[in-house]
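Here are the chains, one letter per residue:
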Amino acid sequence: MQRVIDWLIGWPERVAKHLMWLAPLFARVTVGWVFLLSGWGKLNNLPQVTENFIGWGIPFPHFFTPLTSGIEFFGGLFLLLGLLTRISAGALGITMIVAIKAAKWGDVDSLETLLGFDEFEYLALFLWLAIAGPGVVSLDHLLTRFARKPA
């Protein structure tokens, strides 16, 4: 039984330890690119996005439209670089919660529907990045190592 457990759990765990750098890098690049482009598109089309925010009932849409667009653009850029990853992922996660509540909540008729939204999937990735961090292939990691070096 011990051999079966080692083969099914231990061996994959040992292999995965060599690839610990890959998961956060892949997640950051994937969502970073998506939100960099999304934010750029919104920043270049603020009047239409503001109208969308008004239609969704978001308060102070003329304030929150450029703020949200900037969070998406700069948050995406920072995730690509692995810079301020936890803060960026947290801010983007909040935008996903607001997006679900404002634009999608009326469509929720089951847990399956809620979990099927792209925004919810992004929220899951942002939560993981905010907790797990950027990984070793990141500017955050380099800055932390540099700051901790003895003088």
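The following refers to the structure shown. (Residues numbered from 1 in each chain as written. Predicted model: local features only at pLDDT ≥ 70, side-chain atom pairs only at ≥ 80, totals over all residues. Heavy atoms only, no water.)

## Some words on the nonpolar core
Ala27, Val31, Phe35, Leu79, Ala89, Leu92, Met96, Leu123, Phe126 and Leu129 form the largest nonpolar core, which has 10 residues in total. Only helix H2 (22-43), helix H5 (85-104) and helix H7 (118-132) provide two or more residues apiece to this core. When near neighbours in sequence (up to four residues on either side) are disregarded, Leu92 contacts Phe35, Ile71, Glu72, Gly75, Gly76, Leu79 and Phe126. (Core = buried A, V, L, I, M, F, W, Y, C linked by side-chain atoms within 4.5 Å. Buried < 20%, exposed > 50% of the residue type's maximum accessible area, 1.4 Å probe, protein only. Helix = DSSP H or I, 4+ residues; strand = E, 2+ residues; numbered from the N terminus. Contact = heavy atoms within 4.5 Å.)

## Things to note about the layout of surface pockets
Of the voids in this model, the largest pocket is the one considered here, and its volume is about 540 Å³. In this structure, the largest pocket is lined by 27 residues; those nearest its centre are Phe53, Thr68, Thr95, Val98 and Ala99. Residue assignment for the lining of the largest pocket shows that the elements contributing at least two residues are H2, helix H3 (46-55), helix H4 (61-81), H5 and H7. It is H5 that contributes the most residues to the lining of the largest pocket, nine residues altogether. For the lining of the largest pocket, a count of residues per class yields 17 nonpolar, five polar and five charged. Counting residues per element, the ones that place at least two in the lining of the second largest pocket are H7 and helix H8 (139-148). It is H8 that provides the largest number of residues to the lining of the second largest pocket, a total of three residues. (1 Å grid on protein atoms, 1.4 Å probe; cavity = no way out; pocket = protein on both sides within 12 Å on 5 of 7 lines; lining within 4 Å. Points joined across faces, edges and corners; volume = space filled by probe spheres on them. Nonpolar A, V, L, I, M, F, W, Y, C, P; charged D, E, K, R; others polar.)

## Overview of the pattern of salt bridges
Applying the stated criterion to the full structure yields three salt bridges. Residues Lys42 and Glu72 are paired through a salt bridge, measuring 2.7 Å at the closest nitrogen-oxygen approach. Within this pair, whereas Lys42 is found in helix H2, its partner Glu72 is found in helix H4, the two being separated by 30 residues in sequence. Between Lys104 and Glu119 there is a salt bridge; the shortest N-O distance is 3.8 Å. Here Lys104, found in helix H5, pairs with Glu119, found in helix H7; they are 15 residues apart in sequence, far enough to count as distant. What makes Glu119 buried here is its relative accessible area of 17%. (Salt bridge = Lys/Arg side-chain N within 4 Å of Asp/Glu carboxyl O.)

## Some points on the environment of Gly41
Its place among the elements puts Gly41 in helix H2. For the pair Gly41 and Ala89, spaced 48 residues apart in the sequence, the C-alpha separation amounts to 19 Å.

## Concerning the side chain of Thr68
Mapping Thr68 onto the fold places it in helix H4. Relative accessible area serves as the criterion here: at 14%, Thr68 is assigned to the buried category. Leaving out residues up to four positions away in the same chain, Thr68 has contacts with Phe53 and Thr95.

## Examining the packing of H3 against H4
The N-to-C vectors of H3 and H4 enclose an angle of 120°; their axes lie 9 Å apart at closest approach. By the criterion of interaxial angle, the relationship of H3 to H4 is oblique. The way H3 lies across H4 gives a crossing that is right-handed. The segment H3 lies against H4, with Leu46, Val49, Thr50, Phe53 and Ile54 engaging Pro61, His62, Phe64, Thr65, Pro66, Thr68 and Ser69. Considering only residue class, the contact of H3 with H4 consists of seven nonpolar, five polar and no charged. (Axes fitted to C-alpha atoms, helices over the stretch in contact; angles between N-to-C directions. Parallel < 35°, antiparallel > 145°, perpendicular 65-115°, else oblique. Left-handed = near helix turned anticlockwise from the far one by under 90°.)

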